[in-house]
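Coordinates in review
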Amino acid sequence: MSNLIQITNGKAHISNDDWTLVKLPASQVEVRKQAGKIVLFKLTGEKTVSDEQVANTVIPSNGKVIVPLSVLIARKAELQARIDKNEVGVWLDTHEVLLPLIENQADLNRLPIIVVHVERFADGRIFSIGNLLRTRYGFKNELRAVGDVLRDQLFFLKRSGFSSFAIRADRNAVEAIASLNDFTAPYQGAVDEAQPAFRRYNRIA
Amino acid sequence: MYKYDEIDQKIVDERVTQYRDQTRRYLAGELSEDEFRPLRLQNGLYIQRHAPMLRIAVPYGLLSSKQLRKLGDIASKYDKAYGHFSTRQNMQLNWPKLEDVPDILADLATVQMHAIQTSGNCIRNITTDQFAGVAPDEIVDPRAMAEVIRQWSTFHPEFALLPRKFKIAVSGTKEDRAVVQAHDIGMEFYLDTNNKIAIKVWVGGGLGRTPILGTVIREHLEWQHALTYCEAIVRVYNLHGRRDNAYKARIKILVKALGIDEFKRQVEEEWSHLKDAPNTITEAELARVAKHFEPMPYEVLPQHDASFDTAIASNPAFAAWAKRSLHAHKIAGYRSVTLSLKPHGHAPGDATTEQMHIVADLADQYSFGELRVSHEQNLILADVKLSDLYAVWQKARAHGLASPNIGLLSDIICCPGGDFCSLANAKSIPIAMAIQMQFDNLDYLHDIGEIDLNISGCMNACGHHHVGHIGILGIDKDGSEWYQVTIGGSQGNNASIGSVIGPSFSADEMPNVVQKLIDVYIKERNAEERFIDTVRRIGVTPFKTHVYADKTVAKNEVPA
Ligand code: HEM
Ligand code: SF4
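Because the structure is a prediction, the values reported are computed rather than measured.

Around ligand 2 sit Cys415(B), Pro416(B), Gly417(B), Cys421(B), Leu423(B), Ala424(B), Ser456(B), Gly457(B), Cys458(B), Asn460(B), Ala461(B) and Cys462(B), and that is every residue in its neighbourhood. Classifying every residue of the shell around ligand 2 by side-chain character gives eight nonpolar, four polar and no charged.

This is the structure we're talking about:
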């Protein structure tokens, strides 16, 4: 069964995915260690994709594809016709910066979907990225979290502008839906509800 | 103090439900250890040496008598009938059971309390001056803004998983008592030239293994923008803070790496988009919250009270206590009273269930039913009439709460250390107790005068050793416990980080080392000079020379 939760018209449901997520070919990454411990998080802006990987990425010749940001940028010409048919989305990692995407794709809303891949659930950069895509860059289409996506972060992801969530394969997505509504009346304004509690309610001292 | 409406109550109730389910899933094996860790931490639950530790939030250190009574009840129902008040104005239970925590949270919720964001990589409890609202040198009462910031930071979705913990302190006095410069963000409220509340914003302070005092990022911020400006700072930090190395993950490292000018440029650029967004605070909201902090219904009293003056004149023990434990008050005829949680020979900051109940009674009877927790780990009755002080003292004394040592050498700030904490290099509580016993003579303590002695069991600096006039840090050398000593640290407006005096010492040597530092001070001091002033005037060398002159000390040195 599908492990994809989608929110449409304010309602969350399990839905089938008609997108193909295009992966980069594997690269030889050396395991980095610091004080004997494996480094788990990449630095923001760190270049992790080689030109060779970009060139060797295999994009299925038809159907709806979500390509890596580096591929979208480097191979734009090749993809343009499919972009025009609304068949191309993009994905990026939490350590990637948004500026190259914005510079490359002047109208983000030409992309039906943007996907943010979170390698480890504890990487809260994903929330700022979601927020920026929605509030700063005006992205209105599907915004999806994939990777180490777990139930206990869903509420925050939703509030940060995400509208679909590919729950990690070994977890139960149906049960996870409940956590989208862990809190009914949050204090601060965020993406899903811009007004803070003090502007939404008549709070009397 | 702030009282919940149904919105506040719902959030803590829903938190209890959420956490109960998270605990259930963990116990059922549906959440791995790694996945549960940030969840329990954001709820103040550490797994410690002997048992879990639960840190309960005391927002900006303010408690009602009802809440303190409940804390006492919880400590006896779920723990060993005592709690530990921490340097971050919270309360910790050292022996709760992991399975009981959801029930503890449910009990807390009945008195408008919780453990939300008391730990973990998120925005922590907001701290402030323990005399907020009553101190004569106060310019702006910071409590309403502290509450507004608390609400904003509670489950802030964008900042739920930061690179590292994030601490905000606010203060509104001339004499900073909230250590704003040692916080990730420090906000100093003042009145600007238009007589409007403005904020001086400090960023990038913090203790821990790389102690750094904050830098001013903005001299003048209108109060309405406090939240959006914090959002700009924390967003830059969330995106660019070092997640690859936990020791370099605090905002202070980012600020240092970029330099304050570049960091400020990025923050201001972010803020240009966030300024005036809906999270901008409204006059109405500040007024609503401020209503909860209106002055108490004080009586009109003369400056002096004859019964108090007589008791001072006739009872030296009372006079000694009053000299150390009373703080001036805005209102004539009132004082703020610090109840010492530092009786000699006990773990600093601990209070028993019985003591919590007694303090709650005292608050009800003499101080409008409220009290405060100080970052020096004592409890405070903020509004006591002069004529009631003698009765307060008698009752406090009968329950071990009236050691006349506030601000003196034995009023030690001390972390839980190796007795409880799994990160510790060395024990800290026994060192504190040994020093208290060494200086167990009150006249002598009073003669030594004001001095801050702070002890941490490791470089995480929970005991603020860097800003102690004397700081003691537990270190590990080849598996045994050693102590490094710094002098010249200080908190407040004139904050400074202490200097290491030399090679470290064993536990046995510590009382004697402190004795020698004090001997040099007594010999060298000018009239009216505090220990820290003498250190600043004559430098570290005379202290160092005397401490290490003794062969028996020198010979125990460990090769570095
Ligand atoms: C017993 C369990 C505790 C553990 C495992 C613990 C852990 C830590 C760690 C790892 C840090 C350093 C974080 C960093 O610099 O990035 C830290 C800092 C700190 N802790 Fe604790 N702590 C404990 C108890 C306490 C207690 C009881 C207090 C108060 C008495 C306290 C107050 C502080 C303060 C004030 C700092 C701050 C220094 C700063 O970060 O600026 N902690 N703690
Ligand atoms: S300073 Fe170190 S030993 Fe002390 S409580 Fe903090 S982490 Fe534990």
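When only protein atoms are considered, the iron atom of ligand 1 has one donor, Cys462(B) (SG), at a distance of 2.1 Å. Mapping Cys462(B) onto the fold places it in the loop between β17 (453–456) and β18 (470–477).

Enumeration according to the criterion identifies 23 aromatic pairs over all chains in this entry. Each ring, one from Tyr19(B) and one from Phe36(B), has its centre 6.3 Å from the other, and the planes form 25 degrees; the classification is stacked. Of the two residues, Tyr19(B) is situated in helix α1 (residues 6–27) and Phe36(B) in helix α2 (residues 33–41); the sequence distance between them amounts to 17 residues. Since its relative accessible area comes to 1%, Tyr19(B) is described here as buried. An aromatic cluster is present here, built from Phe127(A), Phe155(A), Phe156(A), Phe183(A) and Phe155(B) joined pairwise through their rings. Directly above the ring of Phe41(A) sits Arg120(A), whose terminal nitrogen or CZ lies 6.0 Å from the centroid. Over the ring of Trp95(B) we find Lys80(B); its NZ or CZ atom is 3.6 Å from the centre of that ring.

The next thing to look at is the side chain of Asn378(B). The residue Asn378(B) is located in the loop between β14 (370–373) and β15 (379–385) in this model. Of note is the side chain of Asn378(B), whose polar atom sits 2.8 Å from the backbone nitrogen of Leu341(B).

In this section: the sheet that holds strand β9 (residues 142–147) of chain A. Adjacent strands of a sheet pair through backbone hydrogen bonds, lying either parallel or antiparallel. Residue and element names in this part refer to chain A. Taken in spatial order, the eight strands line up as β2-β1-β10-β9-β8-β7-β6-β3 in an open sheet, and their pairing is mixed. This sheet does not close on itself; its edge strands, each paired only once, are β2 (11–14) and β3 (19–21). Averaged over all neighbouring strand pairs, the angle between strand axes comes to 20 degrees, with direction disregarded. The pairing of strand β6 (residues 64–68) with strand β7 (residues 88–93) spans four bridges and is parallel. Paired with isoleucine 66 across the strands is glycine 89, a residue of β7. Relative to the sheet, helix α5 (residues 125–136) contacts β7, β8 (113–118) and β9, its axis offset from that of β9 by approximately 165 degrees.

Residue and element names in this part refer to chain B. Strand order in the open sheet formed by five strands is β1-β2-β5-β4-β13, and the pairing between neighbours is antiparallel. The open sheet has two edge strands, β1 (45–47) and β13 (350–352), and neither has a second partner. Each strand of the sheet is rotated relative to its neighbour by a mean of 30 degrees, with strand direction disregarded. Here two bridges tie strand β4 (residues 82–85) to strand β5 (residues 91–93), and the two strands are oriented antiparallel to one another. In the strand pairing of β5, histidine 84 is matched with glutamine 92. Sheet strands in contact with helix α12 (residues 353–366) are β4, β5 and β13, and its direction is about 85 degrees off that of β13.

Below, the discussion takes up the interface of chain B and chain A. Contacts between the two partners involve 50 residues from chain B and, on the opposite side, 44 residues from chain A. Each partner contributes to the roughly 4300 Å² buried at the junction of chain B and chain A, and carbon and sulfur atoms together form 56% of this total. Counting every contact that joins chain B to chain A gives eight salt bridges. Of the charged contacts in the structure, one is a salt bridge between Arg171(A) and Glu35(B), with a shortest N-O distance of 2.7 Å. Residue assignment for the side of chain B that touches chain A shows that the elements contributing at least two residues are α1, α2, α5 (143–153), α6 (226–240), α8 (260–274) and α9 (283–290) of chain B. Top contributing element to the side of chain B that touches chain A by residue count: α1(B), with ten residues. When its residues are assigned to classes, the side of chain B that touches chain A shows 16 nonpolar, 14 polar and 20 charged.

Let us now look at the environment of Ala320(B). All names here are of chain B. Along the chain, the position of alanine 320 falls in helix α11 (residues 316–325). As a C-alpha pair, alanine 320 and histidine 446 span 126 residues in sequence and 8.6 Å in three-dimensional space. Once residues within four sequence positions are removed from consideration, alanine 320 is found in contact with Pro404 and His446.

Residues and elements named next belong to chain B. Annotation of chain B at the domain level lists domain 1 (6–109), domain 2 (134–291), domain 3 (306–398) and domain 4 (413–556). In this structure, domain 2 and domain 4 have C-alpha centres spaced 31 Å apart. Contact residues are listed per partner, giving eleven residues for domain 2 and twelve residues for domain 4. A combined buried area of about 1100 Å² lies between domain 2 and domain 4, and 63% of that area is made up of carbon and sulfur atoms. Inspection of the region where domain 2 meets domain 4 yields zero salt bridges. Residues of the side of domain 2 that touches domain 4, tallied by class, amount to five nonpolar, two polar and four charged.

A few words now on the site of ligand 1. Residues and elements named next belong to chain B. The full set close to ligand 1 counts 24 residues, and Thr87, Lys165, Leu207, Arg250 and Cys462 are the nearest of them. In this structure, leucine 207 approaches ligand 1 through a main-chain N or O atom, which is 2.7 Å from an oxygen atom. In the environment of ligand 1, an oxygen atom lies 2.7 Å from a nitrogen or oxygen atom belonging to the side chain of arginine 250. Split into classes, the residues belonging to the shell around ligand 1 amount to eight nonpolar, ten polar and six charged.

Where charged atoms from two side chains of opposite charge approach closely, those side chains can pair. Residues and elements named next belong to chain B. Inspection of the entire model under this criterion finds 49 salt bridges over all chains. When the shortest N-O distance is used, the salt bridge between aspartate 21 and arginine 25 registers 3.0 Å. On the criterion of helical spacing, the pair formed by aspartate 21 and arginine 25 is a turn pair, its members being four residues apart in helix α1. Note that arginine 242 and aspartate 244 form a salt bridge whose closest N and O atoms lie 2.8 Å from each other. Aspartate 244 sits in the buried class, given a relative accessible area of 9%.

With respect to the helices, strands and loops of the structure, Arg136(A) is situated in helix α5. At 2.6 Å, the side chain of Arg136(A) forms a polar contact with the side chain of Glu270(B). Those residues within four positions of Arg136(A) in sequence are excluded, and the remaining contacts are Asn131(A), Arg235(B), Glu270(B) and His273(B).

As a further point, take the confidence of the model for chain B. All names here are of chain B. Confidence along chain B averages 93 in pLDDT terms, with 98% of residues attaining 70 or more. Overall, residues 553–560 carries pLDDT values under 50, and its contacts beyond four positions in sequence, including any with other chains, amount to twelve contacts. In the model output, the complex is listed with pTM 0.89 alongside ipTM 0.96.

The rules behind each value
- Residues numbered from 1 in each chain as written.
- Chains lettered and ligands numbered in written order.
- Predicted model: local features only at pLDDT ≥ 70, side-chain atom pairs only at ≥ 80, totals over all residues.
- Heavy atoms only, no water.
- Near = heavy atom within 4 Å.
- Nonpolar A, V, L, I, M, F, W, Y, C, P; charged D, E, K, R; others polar.
- Donors = N, O, S within 2.8 Å, 3.2 Å for Na, K, Ca; no water.
- Helix = DSSP H or I, 4+ residues; strand = E, 2+ residues; numbered from the N terminus.
- Phe/Tyr/Trp six-rings, centres within 6.5 Å; stacked < 30°, edge-to-face > 60°.
- Buried < 20%, exposed > 50% of the residue type's maximum accessible area, 1.4 Å probe, protein only.
- Lys NZ or Arg CZ within 6 Å of the ring centre and 35° of its normal.
- Polar contact = N/O pair within 3.5 Å; in protein donor to acceptor, adjacent residues only side chain to side chain.
- Pairing = 2+ DSSP bridges.
- Axes fitted to C-alpha atoms, helices over the stretch in contact; angles between N-to-C directions.
- Contact = heavy atoms within 4.5 Å.
- Buried area = accessible area lost by both parts, 1.4 Å probe.
- Salt bridge = Lys/Arg side-chain N within 4 Å of Asp/Glu carboxyl O.
- Domains from an automatic or database assignment.
- pLDDT = per-residue confidence, 0-100.

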